[in-house]
Protein chains: 2
Amino acid sequence: MPQKVRIALDAMGGDHGATVVVPGAAESLVRHPESEFILYGDSARIEPVLRQHPRLAAAARVVHTDIAVKMDEKPSQALRHGRWKSSIWLALDAVRKGEADVAVSAGNTGALMAMAKFNLKTLEGIERPAIAALWPTLRGESIVLDVGASIGADAEHLCDLAAMGSAMARVLFDIGRPTVGLLNIGVEEVKGLDEVRKAGQILRDQPVPYLEYVGFVEGDDIGKGTVDVVVTEGFAGNIALKTAEGTARQIGGYLRGAMNRTWKARLGYWLAREAFRALREKMDPARSNGGVFLGLNGIVIKSHGGADAEGFAAAVDLGYDMVRYELMVKIRQALARGRDHTAAAAAIGGAL
Amino acid sequence: MPQKVRIALDAMGGDHGATVVVPGAAESLVRHPESEFILYGDSARIEPVLRQHPRLAAAARVVHTDIAVKMDEKPSQALRHGRWKSSIWLALDAVRKGEADVAVSAGNTGALMAMAKFNLKTLEGIERPAIAALWPTLRGESIVLDVGASIGADAEHLCDLAAMGSAMARVLFDIGRPTVGLLNIGVEEVKGLDEVRKAGQILRDQPVPYLEYVGFVEGDDIGKGTVDVVVTEGFAGNIALKTAEGTARQIGGYLRGAMNRTWKARLGYWLAREAFRALREKMDPARSNGGVFLGLNGIVIKSHGGADAEGFAAAVDLGYDMVRYELMVKIRQALARGRDHTAAAAAIGGAL
């Protein structure tokens, strides 16, 4: 019988709080019956929903707190009033204390990241955590990081992102040596950013056993699925992610408009409705919901704030996989191999 | 009778050279009979195609050159062997000498930009040119710049981009005060890049008559059409553009797959084929083909290298509009108003 996976949930997070978190957890529990849950939040709100999910109720306990971080609170405000006692903090604290293997929250991203840094601290040698996103592609799924945890990155940080992203790819895609590309632009003579070029040279010169570095990729390679892991600093990564979301919504809008214009189109739409449903599911962010915070002493999953129960369940599943297939072990392996980067970066910095 | 618009064409540029450039010009001439063309390139290749388009032949002259810049040549190589004599250079030179009002090329972007800088020089006070792209949105079209001419931008350069982009929007969209947003990310406490914040403060504190600054926008605002002009530095801009193109192709791929899976879907597709055709046209890059180089002493249009005749005609149309509605005059107006930015940037830099 597999070992238990203990999941701490911020039951107050997201636009819908417990009404989404509880059924989402229940849905994930069906797929992973060996999960156990601790639900942090207002018990008066959690308990009534939990009673509708007796199977989850049997596998969960509720830890009451009155304090919840608002979705629009600044990280500094959230830290001031929510440290030690908010539902986000307590979920993270369960991971720190070893009472849970992973924390999942649909709450305020900035506050979650600030508290995670403050409480769990970054891994040795990692200065800044990153957010890794699962990105649906023509070939399946890829991991893109950093999608907005911090702005700017030197060559060393990019190499750390490559190591951590490939560890996550090993967990999720069950492959020994995920392919990794550095996001760059090919228009200029200089072929993009200095830091990206330096990072490319390091990854090329120092073979990392758990990672196959394939070179630079451009924005359109993400959707093609050219590589398993796309590495970039957080500003460009966040803009890429949001732009892709915007483009998908835009095309969805065009499509609805086009299919409504004539009776033939409407009839065609009706006949092909199953195909359209499949397409919608493929494009549905809920199916691959959840950003993974990487670089911390512990696993933290951020669900989309507007996720429904199905979407939140996907984020819980993601957390489950990260624990079950030992993300932390694989990250430490990858970083241990990559720890000579600092010296290499300095040497290359001088040579360029 | 309207004044002539004199268009210099690099007839060797792009994946298809004269076989696309000549029919493309002919197509644009039908829409704008007051255009005149100078075609630069190998006359042995141009003349046979031109003979098939007698109306264009009557409005065009051919200037022979053996030298063409290859699509994969580095800008420095292209400058070395193509300066003074390649088809790209001669087309740009016609603009410099006042023999043409605009140059259009589907050639190598890096080489075209390097030669344009070298030959036409940047406008007074502008250090680096930018490439502005027309971006189809849910509300129509927006202008996004810089999409890859240079990497990084200080607050002053971002303000110049805002001024030049809004001048282009006045030309294209026929509005007095285009709305302008600065591309940023909203995840962090600090709300994005320092330079972007500084630029925002300048644009807010100094009302510019031909521009309505509306604040920060995120990646998903581009497709929504939240503003007429989206301003960003070239690295993030290029990644946004390529990512959007990749996402559009990806969804197109999903759609084809979904519509082929069952006979009902195929029948539905057949019935709705007109709607799908309209959708394809809406998503077709050829319809809004052409990047505009801004910040130079002259108008230069870059067509997509893979464009067909219809796509190249769209780029020629774009060049025509830029001349007819006086892009250069409007850019100079916008920059003259904005020239106090340097002092303001220094003051704000101290205050932040």
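Residues numbered from 1 in each chain as written. Chains lettered and ligands numbered in written order. Predicted model: local features only at pLDDT ≥ 70, side-chain atom pairs only at ≥ 80, totals over all residues.

Caption draft 1: Local environment of the overall build of chain A. The number of helices and strands found in chain A is 15 helices and 11 strands. In terms of overall size, chain A behaves like a compact globule, its C-alpha atoms giving a radius of gyration of 21 Å where 352 residues would be expected to give roughly 20 Å. When the backbone C-alpha atoms are referred to their principal axes, chain A occupies close to 65 × 60 × 45 Å. A total of 352 residues make up chain A; the buried ones form 57% of that total. Considering only intrachain contacts with a sequence separation of at least 6, the fraction spanning at least 24 residues in chain A is 74%. (Helix = DSSP H or I, 4+ residues; strand = E, 2+ residues; numbered from the N terminus. Rg over C-alpha atoms; globule rule 2.2 N^0.38 Å. Buried ≥ 20, exposed ≤ 12 C-beta atoms within 10 Å, placed from the backbone. Contact = placed C-beta atoms within 7 Å.)

Caption draft 2: View of the domain arrangement of chain A. Considered domain by domain, chain A is made up of domain 1 (5-120) and domain 2 (130-284 + 334-351). The C-alpha centroid of domain 2 of chain A is placed 29 Å from the C-alpha centroid of domain 1 of chain A. (Domains from an automatic or database assignment.)

Caption draft 3: Examining helix α10 (residues 234-258) of chain A more closely. Compared with the 36 Å implied by 1.5 Å per residue over 25 residues, the 36 Å span of α10(A) between its first and last C-alpha is a close match. Extensive coverage of α10(A) is indicated by the burial of 18 of its 25 residues. (Expected span 1.5 Å × (residues − 1).)

Caption draft 4: A look at helix α5 (residues 87-96) of chain B. Across the 10 residues of α5(B), 9 count as buried, placing the element largely inside the fold. One or two steps after α5(B), the chain reaches Gly98(B), where phi turns positive at roughly 80°.

Caption draft 5: Focus on the relation of the copies chain A and chain B. Placing chain A over chain B gives an RMSD of 0.0 Å and needs a rotation angle of 180°, together with 0.0 Å of translation along the axis. The operation mapping one copy onto its partner corresponds to a two-fold rotation axis. Nearest to the rotation axis, the C-alpha of Gly268(A) is located 1.8 Å from it, this being the minimum over chain A. In this assembly, 100% of the residues forming the interface of chain A have copies in chain B that are likewise at the interface, indicating an isologous arrangement. (Least-squares fit on C-alpha atoms with pLDDT ≥ 70 in both.)

Caption draft 6: Representation of the pairing of strand β11 (residues 299-302) of chain B. All names here are of chain B. Neither face of β11 is open: one carries Ile-299 and Ile-301, the other Val-300 and Lys-302, and all of them are buried. In this sheet, β11 lies alongside strand β4 (residues 102-105) in parallel orientation, the contact comprising 4 bridges. Following the sheet pairing, Val-104 is matched in β11 by Ile-301. As judged from the 3 bridges shared by strand β10 (residues 291-294) and β11, these two strands associate in the antiparallel manner. Counted as the bridge partner of Val-292 is Ile-301 from β11. (Pairing = 2+ DSSP bridges.)

Caption draft 7: Structural context of the interface of chain A and chain B. In this complex, chain A contributes 59 residues to the contact, which on the side of chain B involves 59 residues. Elements with a contribution of two residues or more to the side of chain A that touches chain B: α4 (75-82), α6 (109-120), α9 (219-224), α10, α11 (263-271) and α12 (273-283) of chain A. Among the elements that make up the side of chain A that touches chain B, the one with the highest residue count is α10(A) (20 residues). Each residue belonging to the side of chain A that touches chain B can be placed in one class, and the counts come to 29 nonpolar, 16 polar and 14 charged. (Nonpolar A, V, L, I, M, F, W, Y, C, P; charged D, E, K, R; others polar.)

Caption draft 8: Up close: the environment of Asp321(A). All names here are of chain A. Mapped onto the fold, Asp-321 is located in helix α13 (residues 309-324). Using a count of 19 C-beta atoms within 10 Å as the deciding quantity, one classes Asp-321 as partly exposed. Non-local contacts of Asp-321, meaning those with residues more than four positions away in its chain, are made with Val-171 and Leu-172.

Caption draft 9: Quick look at the sheet that holds strand β6 (residues 140-145) of chain A. Residues and elements named next belong to chain A. Read from one edge to the other, the open sheet built from 11 strands follows the order β3-β2-β1-β4-β11-β10-β5-β6-β9-β7-β8, with strand pairing classed as mixed. At either end of the open sheet lies a strand with only one pairing partner, and these are β3 (60-64) and β8 (212-217). For this sheet the average axis-to-axis angle between neighbouring strands, irrespective of direction, equals 25°. (Axes fitted to C-alpha atoms, helices over the stretch in contact; angles between N-to-C directions.)

Caption draft 10: The arrangement of the sheet that holds strand β2 (residues 35-41) of chain B in detail. All names here are of chain B. One open sheet accounts for 11 strands, arranged β3-β2-β1-β4-β11-β10-β5-β6-β9-β7-β8; its pairing is mixed. Strands at the two margins of the open sheet, each flanked by one partner only, are β3 (60-64) and β8 (212-217). Strand-to-strand twist across the sheet, computed as the mean angle between neighbouring axes with direction ignored, equals 25°. Across 6 bridges, strand β1 (residues 5-10) lies against β2 in parallel orientation.

Caption draft 11: Region of the structure containing the nonpolar core. Core analysis: the largest hydrophobic core is formed by 252 residues, its most contacted members being Leu9(A), Leu145(A), Met168(A), Leu9(B), Leu145(B) and Met168(B). Those residues in contact with Met168(B) that sit more than four places away from it in its chain are Ala132(B), Ile143(B), Val292(B), Leu294(B) and Leu327(B). (Core = buried A, V, L, I, M, F, W, Y, C linked by C-beta atoms within 7 Å.)

Caption draft 12: Main features of the packing of helix α1 (residues 18-31) of chain A against helix α2 (residues 43-51) of chain A. Residue and element names in this part refer to chain A. Two elements in contact, α1 and α2, have axes whose closest approach is 9 Å; the angle formed by their N-to-C orientations is 40°. Classified by the interaxial angle, the pair formed by α1 and α2 is oblique. Between α1 and α2 the crossing geometry is right-handed. Touching Ala-18, Thr-19 and Val-22 of α1 are Arg-45, Ile-46, Val-49 and Leu-50, all from α2. The class makeup of the residues in the contact of α1 with α2 is 5 nonpolar, 1 polar and 1 charged. (Parallel < 35°, antiparallel > 145°, perpendicular 65-115°, else oblique. Left-handed = near helix turned anticlockwise from the far one by under 90°.)

Caption draft 13: A look at the environment of Leu294(A). Residues and elements named next belong to chain A. Its location among the elements puts Leu-294 in strand β10 (residues 291-294). In this structure Leu-294 comes out as buried when scored by C-beta crowding, with 28 C-beta atoms within 10 Å. Along the sequence, Leu-294 and Asp-146 sit 148 residues apart, while their C-alpha atoms lie 9.2 Å from each other. The contacts of Leu-294, once residues within four sequence positions are left out, are Pro-129, Ala-130, Ala-132, Leu-145, Met-164, Met-168 and Ile-331.

Caption draft 14: Just the packing of α5(B) against helix α6 (residues 109-120) of chain B, in detail. All names here are of chain B. Between α5 and α6, whose axes approach to 10 Å, the crossing angle comes to 35°. For the pair α5 and α6, the crossing hand works out as right-handed. On α6, the residues touching Ile-88, Trp-89, Leu-92, Asp-93, Val-95 and Arg-96 of α5 are Ala-111, Leu-112, Met-115, Ala-116, Asn-119 and Leu-120. For the contact of α5 with α6, a count of residues per class yields 9 nonpolar, 1 polar and 2 charged.

Caption draft 15: Seen up close, the environment of Ala309(A). Residues and elements named next belong to chain A. When you line up the elements, Ala-309 lands in helix α13. Exposure remark for Ala-309: the 19 C-beta atoms within 10 Å place this residue in the partly exposed category. Between the alpha carbons of Ala-309 and Val-63 there is a distance of 21 Å; along the sequence they are 246 residues apart. Setting aside anything within four residues of it in sequence, one finds Ala-309 in contact with Val-20, Pro-23, Gly-24 and Glu-27.

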